[in-house]
Amino acid sequence: MNFTDFHLFADTRMWLGIPNAADVLSNLGFLVAAAAGMLALWRLPARLLTKAERATAALFFSGLAISAFCSSWYHLHPDDARLMVDRSGMSIAFAGLLGLAAATRLGESAGAFTASSLLLAAPFAIYAAASGHLVPWAIMQFGGMVALCVLPSRRVLTDALHVHWLALVAIYSLAKLAEVNDDTIFEVTRHVVSGHTLKHVVAAFAAWPVVVALHNRRSMQNGERQSRRAPA
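Residues numbered from 1 in each chain as written. Predicted model: local features only at pLDDT ≥ 70, side-chain atom pairs only at ≥ 80, totals over all residues. Heavy atoms only, no water.

**Q** When you look at the overall build of the protein in this model, what are you seeing that I'm missing?
**A** Along the backbone of the protein there are 10 helices and zero strands. For the protein, the sequential pattern of α-helices and β-strands runs α-α-α-α-α-α-α-α-α-α. Relative to the globule expectation of 17 Å for 232 residues, the C-alpha radius of gyration of the protein, 19 Å, shows essentially globular dimensions. Taken over the C-alpha atoms alone, the protein extends approximately 70 × 35 × 25 Å along its principal axes. For the protein, long-range pairs separated by at least 24 residues make up 72% of all intrachain contacts whose partners lie at least 6 apart in sequence. (Helix = DSSP H or I, 4+ residues; strand = E, 2+ residues; numbered from the N terminus. Rg over C-alpha atoms; globule rule 2.2 N^0.38 Å. Contact = heavy atoms within 4.5 Å.)

**Q** Hey, could you run me through helix H4 (residues 80-105) in this one?
**A** Each α-helix winds once per 3.6 residues, and so residues spaced three or four apart point in a common direction. Helix length check: H4, at 26 residues, gives a terminal C-alpha distance of 37 Å against a target of 38 Å (1.5 Å per residue), a fit within 8%. Of all the 26 residues making up H4, 21 are buried; the element is thus mostly covered by neighbouring parts of the structure. A side-chain oxygen of the first residue of H4 lies 3.3 Å from the backbone nitrogen of Ala-81; this N-cap is Asp-79. Where H4 terminates, the next one or two residues include Gly-107, which has phi positive at roughly 120°. (Expected span 1.5 Å × (residues − 1). Buried < 20%, exposed > 50% of the residue type's maximum accessible area, 1.4 Å probe, protein only. Polar contact = N/O pair within 3.5 Å; in protein donor to acceptor, adjacent residues only side chain to side chain.)

**Q** Could you clarify how one ought to interpret the packing of aromatic side chains in this entry?
**A** The geometry of an aromatic ring pair comes down to the distance between the two centres and the angle between the two planes. Counted by the stated rule, this structure contains four aromatic pairs. Centroid distance Phe-9 to Tyr-74: 6.1 Å. Interplanar angle 85°. Geometry classified as edge-to-face. With Phe-9 in the segment before helix H1 (21-25) and Tyr-74 in helix H3 (residues 51-76), this residue pair connects regions lying 65 residues apart in the sequence. Assigned by exposure class, Phe-9 and Tyr-74 land together as buried. (Phe/Tyr/Trp six-rings, centres within 6.5 Å; stacked < 30°, edge-to-face > 60°.)

**Q** Would you mind showing me how to read the nonpolar core here?
**A** In a soluble, globular protein the nonpolar side chains are often hidden away together inside. Core analysis: the largest hydrophobic core is formed by 48 residues, its most contacted members being Phe-61, Leu-64 and Leu-148. Of all the secondary structure elements, the ones that give two or more residues to this core are helix H2 (28-43), H3, H4, helix H5 (108-130), helix H6 (135-150), helix H7 (165-180), helix H9 (195-204) and helix H10 (208-229). Aside from chain neighbours lying at most four places away, what touches Leu-64 is Phe-30, Ala-33, Ala-34, Ala-93 and Ala-207. (Core = buried A, V, L, I, M, F, W, Y, C linked by side-chain atoms within 4.5 Å.)

By themselves, these figures tell us nothing about what the structure is for.
Following this line, the structure appears as structure tokens:
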């Protein structure tokens with residue numbers, strides 16, 4: 001099945017020889033978000049995170065970095081084959097993100113199992129979507145967001161990383177809203193920015209709640225050190 005119409009985006013302008021330049025270059029936001037996340041993770045002592053939290057967070061940020069390249073490559077010449085590559089990068093980020101959520105609310109084993117299961121299921125969902133069966137991919141993508149809405153209702157495990165999951169879901173929802181209004185936003189902004197370009201920019205901020213959680217964990221450690229050093 002060929003999804004020709006799916007690959008028709010509003011902004012097809014070329015810049016510096018780059019076709020669909022805005023949709024291609026806006027993926028740099030994912031690379032910046034990935035770098036910020038990896039730096040925050042690297043600066044955090046190992047003892048302040050469980051192994052599952054560190055591994056799944058690293059998987060999430062790695063997925064964002066891979067998505068930056070995969071999505072850029074797709075938007076240079078959008079077609080069905082390149083879309084599969086684009087979704088492959090996204091699936092890695094999804095696996096890391098949902099694995100991290102499970103690790104902070106259900107435990108290390110649940111986090112590892114969730115991330116591993118999604119990584120294994122992703123190729124089948126991507127292949128099915130390329131064949132015209134979108135349900136598995138939709139379940140993986142939107143079912144994951146539903147899970148992030150439900151998991152916060154569970155108490156955070158003792159000493160687990162505190163991520164504002166609902167803020168992340170809100171950011172992701174805004175990105176999807178921009179995506180489905182690609183042409184409308186392009187016209188309303190008088191061809192300054194399209195909805196799909198804006199989607200990339202907004203979606204990159206989905207890393208922000210995780211990065212903030214890592215910085216907060218490091219700040220708490222520094223605060224505890226200062227308290228111990230303060231004179232009685």
